[in-house]
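Structure assessment
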Protein chains: 2
Amino acid sequence: MKTYISYCAIAFMTASVGLAQAAERPADVPEGMGALPASVPVPADNPMTPAKVELGKQLYLDPALSKSGNISCNSCHNLGSWGVDNQVRSIGHKWQRGGRNAPTSFNAAFWSTQFWDGRAPQLEDQAKGPPMNPVEMADDTEAQLVARLQEAGYGPEFDKVFGKNGLSFNNMAKAIGAFERTLLTPDAPFDRYVRGEGDISAAAKRGMKKVDDIGCTSCHSGPLFTNNTFQQFNYGTDTGREAVTGKHDDDHYFRVQSWRNVAMTAPYFHDGSVKTLSEAVRIMARVQLGTKLSDADVADIVAFLKTLTGTPPSVTYPVFPRPAGHALNWMD
Amino acid sequence: MKTYISYCAIAFMTASVGLAQAAERPADVPEGMGALPASVPVPADNPMTPAKVELGKQLYLDPALSKSGNISCNSCHNLGSWGVDNQVRSIGHKWQRGGRNAPTSFNAAFWSTQFWDGRAPQLEDQAKGPPMNPVEMADDTEAQLVARLQEAGYGPEFDKVFGKNGLSFNNMAKAIGAFERTLLTPDAPFDRYVRGEGDISAAAKRGMKKVDDIGCTSCHSGPLFTNNTFQQFNYGTDTGREAVTGKHDDDHYFRVQSWRNVAMTAPYFHDGSVKTLSEAVRIMARVQLGTKLSDADVADIVAFLKTLTGTPPSVTYPVFPRPAGHALNWMD
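Residues numbered from 1 in each chain as written. Chains lettered and ligands numbered in written order. Predicted model: local features only at pLDDT ≥ 70, side-chain atom pairs only at ≥ 80, totals over all residues. Heavy atoms only, no water.

**Some words on the overall build of chain A**
Stated formally: By the criteria applied, helices consist of DSSP H or I runs no shorter than four residues and strands consist of E runs no shorter than two, each listed in order from the N terminus. C-alpha atoms define the radius of gyration, and 2.2 Å times the number of residues to the power 0.38 defines the globule rule. Any two residues whose heavy atoms approach within 4.5 Å at even a single point are treated as in contact. Shrake-Rupley sampling with a 1.4 Å probe provides the accessible areas, and residues are treated as covered by the protein chains on show and by no other component. In this tally Asp and Glu are treated as negative and Lys and Arg as positive; neither His nor the chain ends contributes. Positions of charges follow a simple convention, taking NZ of Lys, CZ of Arg, CG of Asp or CD of Glu.
Scanning chain A for helices and strands turns up twelve helices and four strands. Relative to its length of 332 residues, chain A is compact, with a C-alpha radius of gyration of 20 Å against a globular reference of 20 Å. Seen along its three principal axes, the alpha-carbon backbone of chain A occupies a region of about 60 × 45 × 35 Å. Taking all contacts inside chain A whose residues are at least 6 apart in sequence as the whole, residues at least 24 apart take part in 70%. Put simply, chain A shows about 13000 Å² of open surface, and 52% of that area lies on carbon and sulfur atoms. Once the 32 positive and 35 negative side-chain charges of chain A are each reduced to a mean point, those two points are 1 Å apart.

**Structural notes on the environment of Gly80(B)**
Just so we agree on the cut-off: Partly exposed residues are those whose accessible area sits between 20% and 50% of the maximum for their type, while under 20% is buried and over 50% is exposed, using a 1.4 Å probe and protein chains only.
Among the structural elements, Gly80(B) can be located in the loop between α2 (73-76) and α3 (123-126). You can call Gly80(B) buried: its relative accessible area is 0%. On a C-alpha basis, the gap between Gly80(B) and Val315(B) in space is 9.7 Å, while along the polypeptide they are 235 residues apart. Not counting residues within four places of it along the chain, the set of residues in contact with Gly80(B) comprises Tyr317(A), Pro318(A), Val319(A) and Phe320(A).

**Notes on the domain arrangement of chain A**
All names here are of chain A. What counts, and what does not: These domain limits were set by an automatic method or by a database of domain assignments. Once two parts are put together, the accessible area they lose, assessed with a 1.4 Å probe and summed over both, is termed the buried area. Throughout this description, the term salt bridge denotes a Lys or Arg side-chain nitrogen within 4 Å of a carboxyl oxygen of Asp or Glu.
Its domain assignment divides chain A into domain 1 (42-180) and domain 2 (187-306). Computed over C-alpha atoms only, the centres of domain 1 and domain 2 are separated by 27 Å. Contacts between the two partners involve 22 residues from domain 1 and, on the opposite side, 22 residues from domain 2. Interface area for domain 1 against domain 2, summed over the two sides, is near 1900 Å², with a carbon-plus-sulfur share of 57%. Together, Trp-82, Trp-111 and Trp-116 form the three largest contributors to the area buried by domain 1 at its contact with domain 2, with a combined 35%. Between the two partners, domain 1 and domain 2, sit one salt bridge.

**A closer look at the environment of Ile214(A)**
Counting through the fold element by element, Ile214(A) comes out in the loop between α9 (202-213) and β3 (230-232). Residues within four places of Ile214(A) in sequence aside, it is in contact with Leu289(A), Thr291(A), Leu293(A) and Ile301(A).

**Looking at the side chain of Asn101(B)**
Residues and elements named next belong to chain B. Structurally, Asn-101 can be placed in the loop between α2 and α3. With a relative accessible area of 6%, Asn-101 lands in the buried category. With residues near it in sequence (within four places) discarded, Asn-101 still touches Gln-87, Val-88, Arg-89, Trp-116, Pro-267, Phe-269, His-270, Asp-271 and Gly-272.

**What about the UniProt feature "binding site: heme c 1" (unreviewed entry) in chain A?**
Residue and element names in this part refer to chain A. This is how the line gets drawn: UniProt positions are given in the numbering used here, feature names are shortened, and annotations may be inferred rather than shown by experiment.
Those places that UniProt annotates as "binding site: heme c 1" (unreviewed entry) correspond, in this numbering, to Cys-73, Cys-76, His-77 and His-93. With respect to the element layout, Cys-73 can be found in helix α2 (residues 73-76). Classification of Cys-73 by relative accessible area gives buried; the value is 16%. Its location among the elements puts His-77 in the loop between α2 and α3 (123-126). When near neighbours in sequence (up to four residues on either side) are disregarded, His-77 contacts Tyr-60, Gly-83, Val-84, Ala-102, Pro-103, Thr-104 and Ser-105.

**Notes on the pattern of salt bridges**
Tallied over the entire structure, the rule returns 36 salt bridges over all chains. A salt bridge links Arg97(A) to Asp332(B); the shortest N-O distance between them is 3.5 Å. With one member in each of two chains, Arg97(A) in the loop between α2 and α3 and Asp332(B) in the segment after α12 (295-306) form a pair that bridges those chains. Residue classification places Arg97(A) among the partly exposed residues on the basis of a relative accessible area of 27%. The exposure class of Asp332(B) is partly exposed, given its relative accessible area of 42%. Here Arg119(B) and Asp117(B) are joined by a salt bridge, their closest N and O atoms 3.1 Å apart. Taking relative accessible area as the criterion, Arg119(B) reaches 42% and is therefore assigned partly exposed.

**Structural notes on the relation of the copies chain A and chain B**
So the rule is basically this: Residues reaching a pLDDT of at least 70 in both copies supply the C-alpha atoms on which the copies are superposed by least squares.
After a rotation of 180 degrees and a shift along the axis of 0.0 Å, chain A superposes on chain B with an RMSD of 0.0 Å. What we have between these two chains is a two-fold relation. When C-alpha positions in chain A are compared against the rotation axis, the closest is assigned to Thr316(A), at 2.1 Å. Interface overlap between copies: 100% of the residues of chain A at the interface are likewise at the interface in chain B, consistent with a symmetric, same-surface contact.

**What to know about helix α11 (residues 277-289) of chain A**
Residue and element names in this part refer to chain A. Note the cut-off: One fewer than the residue count of a helix, multiplied by 1.5 Å, yields its expected span.
For α11, with 13 residues, the first-to-last C-alpha span of 17 Å sits near the 18 Å given by 1.5 Å per residue. By the burial criterion, the buried members of α11 are Leu-277, Ala-280, Val-281, Ile-283 and Ala-285. Against α12 (295-306) lie the buried residues of α11. Gly-290 lies just past α11 and shows a positive phi near 65 degrees.

**Remarks on the interface of chain A and chain B**
Heads up, the rule is: Pairs of N or O atoms are called polar contacts if they sit within 3.5 Å, as long as, within protein, a hydrogen donor faces a hydrogen acceptor (for residues adjacent in sequence, only side-chain-to-side-chain pairs). Three categories are distinguished: nonpolar for Ala, Val, Leu, Ile, Met, Phe, Trp, Tyr, Cys and Pro, charged for Asp, Glu, Lys and Arg, and polar for the others, with Gly belonging to the last.
Each partner contributes to the interface: chain A provides 47 residues, whereas chain B provides 47 residues. A buried area of about 3600 Å², summed over both sides, lies between chain A and chain B, and 55% of it is on carbon and sulfur atoms. Per-residue buried area on chain A facing chain B is highest for Trp95(A), Tyr317(A) and Gly325(A); these three make up 20% of the total on that side. Counting across the interface, chain A meets chain B through two salt bridges. Where chain A meets chain B, there are 28 residue pairs in polar contact (both at pLDDT 80 or more). When its residues are assigned to classes, the side of chain A that touches chain B shows 23 nonpolar, 17 polar and seven charged.

**Observations concerning empty space enclosed by the protein**
Quick note on the threshold: Using a 1 Å grid laid over the protein atoms alone, points where a 1.4 Å probe fits but cannot get out form a cavity; open sets with protein on both sides within 12 Å along at least 5 of 7 lines form a pocket; any residue with an atom within 4 Å of a point counts as lining. Grid points are joined across faces, edges and corners, and a volume is the space filled by probe spheres set on the points.
In this structure the tally under the stated criterion is nine cavities of 30 Å³ or more. There is about 420 Å³ of room inside the largest cavity. Lining the largest cavity are 34 residues, with Asn70(A), Ser75(A), Asn70(B), Ser72(B) and Ser75(B) sitting closest to its centre. Only α2 of chain A together with α2 of chain B provide two or more residues apiece to the lining of the largest cavity. In terms of residue class, the lining of the largest cavity is made up of 13 nonpolar, 18 polar and three charged.

**Describing helix α9 (residues 202-214) of chain B**
Residue and element names in this part refer to chain B. Spelled out, the test is: Of all possible arcs, the one meant is that of the directions from the helix axis to the C-beta atoms.
Between the first and last C-alpha of α9 there are 18 Å, a value that for 13 residues agrees with the 18 Å anticipated at 1.5 Å per step. Considered for burial, the residues of α9 that qualify are Ala-204, Gly-207, Met-208, Val-211 and Ile-214. Seen from one end, α9 has its buried residues packed into an arc of 155 degrees, which puts them on one side. Opposite the buried face of α9, by more than 90 degrees, sit the exposed residues Ala-202 and Lys-209. In this structure, the buried side of α9 is in contact with α8 (189-194), α11 (277-289) and α12. Positive backbone phi, at 100 degrees, marks Gly-215, one or two positions downstream of α9.

What follows is the structure, encoded as structure tokens:
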């Protein structure tokens, strides 16, 4: 069961989160499109509290989660660059490259499953992946990671949030999940347009109509511009969701990515192989819809997609717990 | 020529910077010791402005300074862990290790030279080192780095701060230097004690007397607990300042490190070889002063050094400039 929490009500959110209701929704906005929702789903077993979010923020930014002490969640999902690292495939432990392009952590609270192949149901499950992935943070065991966090001084921080002996791998993931539910990007130009608070360009309006006309929005639908389903994308050699379900029917199936902030999260696709948004639009139209777009259409669609860049969250850099007077035992 | 700027006067500093004057300086505080100065030296050719500091903050945290797009100043001088990475020797380009332990960026604005061997006169010079170091950020040329910053969208940001065509390697270093002058840690327990605003433990007081009695403070002197000189430290194989000056008289000479926040910057020494502050204290007393300290004396000195941990700066995570709709050209 999930409850919904208004992020406007959360004291630690920035003041920029708008409460304005749609005064006059412009007539040209296609059915289904809308402003970023003002609430995110919150699992019943992981309610958000300011202390938990603060702990999650420490953990998100702390390279102590990695075996080497060199890699944090933020290394690949950088808060300064829209929750991504702009790499084709991220650099991990000992400079190994990950298998797929790192998806953004911004607005990930809205997705019904996590990872390109949806192998994690929600943020808390996702947060357990990279620490144990040998090409990412490369922790050998959950116990090793928990022991390092204990040594780093996280024990009392967890106890404050989760009660006595609160430091555990599960609670680490809960705190990170709670923090990630604050990484929302409201008030994109498109959102303000929908709410009757501002305008977008004529090119963006043509693009908005075009994506609806040619059928992009059959999957990139709703206010999130994803219907949160898996769709077959026959592009590249990665078999996608088949490796999760073991079903050949899922061959080359991937999660439909949101268009929110898509202009800021290049390069594109699960393999990060496409450098520009224009090229990504052109390929998607061709491969998924059998549509050959003109250069003008591509430009219009890109202009529209750029109106989906919102306001990034304001985050104060945390101070990590650290033991006074002795070094941590990083490993290589 | 250097002017001095009161950091209390800088609008973007936290409110925690104290202006209190020494109401009653306790009689047991040795001559010369004092609270962290309320002003940092600022070079006449690089005055601090809020816009320049903000740009410097972006640059400090942005991995776009590195050839790979993976390494920022903050990678080794993490704002969350007292301006260090707690590594023996930092991890750089392609997982290479640096030659020496990364010194903290906190309070570095106070040092009269930078790096362990003092090869950079001030922060602006230091900031030019890591980008061009092949084992750190590994940029091939200054022009390559400037072109990447241009591509990343930094042009207008530099123009705002430095005027037309403001984006240059020199100005990058100036902005970072300006930001680093805000990384100060006032209001340590010792500072409050000196100002008559709080107490420190009996053990810390014994340690304070001991470091003065045995002569540590002949070099670790003044409010910064460094006299900003080079001293011979015959420990390990690194020849230190000799490689900078070419003079054999400088063999094994290193900058006297400040004790400010020393409890939070393990491991210790230029080679990062010592894991605990206790051991560092014991070795320094033996090698530099010929003094064999008792365990009780070591414990007292460590208790005193822990009172020199100040209040870290409050930094809001910046949003990096990035081009909309296309990837940056990281290299490996």
